[in-house]
Amino acid sequence: MQQAPAFHVKDGQLIGARQVPSPNFNQRPDNTEIQLIVIHNISLPPSQFGGGYIEQFFQNKLDWSVHPYFQTIQGMEVSAHLLILRTGEVIQFVNFNDRAWHAGRSSYLGKKECNNYSIGIELEGSDDQPFEQVQYDALVQVVACLQAHYPKTQYHLAGHSDIAPGRKTDPGPYFNWAAFREQLHHYKKASIPE
Ligand SMILES: [Zn+2]
């Protein structure tokens, strides 16, 4: 017996994810096909987990006075399509049909402005700590689902550090690309009907 997939995409929404709308998005340029998935890490304050600050930040509802670090990001308006918490819970902030503000100045295979044509996935994490296995499990399910729905993303998966080298370091040295790719491969193989 095959397990029912945990996620599916409908009208740009990831069904199975908690929906927390962010105002930080705009339209993708006309006739833009989604062709890249970008993996990030984020934690607020840095290297501390929980607290709900990332959700507040992406909603422009973060109280800047709570922590000195927050003052250094005060007024920034950013978002990602998805966030995977340490618990493995998946939150969607921006509809996939819209352009989330996660990549900044960036370039992939010579094509600039990755926000235009990518889906951004944040893992709650940092450059100095391993990610949780449940985060990899959720990421595998989500990426498999997105790759089935947006076929070009099957060939284009990158870290933020790959598309903004010298400027960004995430998802960082603790993100295990080899293990992730292998788990994704096995998951997709097991979920393709014979
Ligand atoms: Zn990033």
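As the structure is a prediction and not an experimental result, all values here were calculated from the model.

## Here we look at the overall build of the protein
Link 1 in the chain: Check the secondary structure of the protein and you find five helices and 12 strands.
Link 2 in the chain: The C-alpha radius of gyration of the protein comes to 16 Å, within 12% of the 16 Å expected for a compact globule of 194 residues.
Link 3 in the chain: Each principal axis of the C-alpha distribution contributes one length, and for the protein these read about 55 × 35 × 30 Å.
Link 4 in the chain: Here the protein holds 194 residues, and 36% of them are scored as buried.
Link 5 in the chain: Contacts in the protein between residues far apart in sequence, at least 24 positions, make up 72% of those at least 6 positions apart.

## A word on the environment of serine 191
Link 1 in the chain: Following the sequence through the fold, serine 191 ends up in helix α5 (residues 177-191).
Link 2 in the chain: Once the C-alpha coordinates of serine 191 and alanine 144 are considered, the two residues, 47 residues apart in sequence, prove to be 9.3 Å apart.

## Here's the deal with helix α3 (residues 133-149)
Link 1 in the chain: With 17 residues, α3 extends 24 Å from end C-alpha to end C-alpha; this agrees with the ideal 24 Å at 1.5 Å per step.
Link 2 in the chain: All buried positions along α3 are accounted for by Gln135, Ala138, Leu139, Gln141, Val142, Val143, Ala144, Cys145 and Leu146.
Link 3 in the chain: Close packing links the buried residues of α3 with β1 (8-10), β5 (36-42), β6 (82-84), β7 (90-92), β11 (118-124) and α5.

## Digging into the packing of α3 against α5
Link 1 in the chain: Their axes nearest at 9 Å, the elements α3 and α5 cross at an angle of 55 degrees. Our classification of the angle between α3 and α5 gives oblique. Every pair of crossing elements has a handedness; the one defined by α3 and α5 is right-handed. From α3, Tyr136, Leu139, Val140, Gln141, Val143 and Ala144 reach across to α5, where they touch Phe180, Gln183, Leu184, Tyr187, Lys188 and Ser191.
Link 2 in the chain: Classifying every residue of the contact of α3 with α5 gives eight nonpolar, three polar and one charged.

## What about the pairing of β11?
Link 1 in the chain: Along β11, seven of the seven residues are buried, which leaves the element largely enclosed by surrounding structure.
Link 2 in the chain: Here β11 shows a buried face lined by Ser118, Gly120, Glu122 and Glu124 and a second buried face lined by Ile119, Ile121 and Leu123.
Link 3 in the chain: Sheet analysis places β5 next to β11, joined by seven bridges and oriented parallel. Each residue of the ladder has a partner; that of isoleucine 42, found in β11, is glutamate 124.
Link 4 in the chain: Inspection of the sheet shows β6 paired to β11 by three bridges, in the parallel sense. Counted as the bridge partner of isoleucine 84 is leucine 123 from β11.

The rules behind each value
- Residues numbered from 1 in each chain as written.
- Predicted model: local features only at pLDDT ≥ 70, side-chain atom pairs only at ≥ 80, totals over all residues.
- Helix = DSSP H or I, 4+ residues; strand = E, 2+ residues; numbered from the N terminus.
- Rg over C-alpha atoms; globule rule 2.2 N^0.38 Å.
- Buried ≥ 20, exposed ≤ 12 C-beta atoms within 10 Å, placed from the backbone.
- Contact = placed C-beta atoms within 7 Å.
- Expected span 1.5 Å × (residues − 1).
- Axes fitted to C-alpha atoms, helices over the stretch in contact; angles between N-to-C directions.
- Parallel < 35°, antiparallel > 145°, perpendicular 65-115°, else oblique.
- Left-handed = near helix turned anticlockwise from the far one by under 90°.
- Nonpolar A, V, L, I, M, F, W, Y, C, P; charged D, E, K, R; others polar.
- Pairing = 2+ DSSP bridges.

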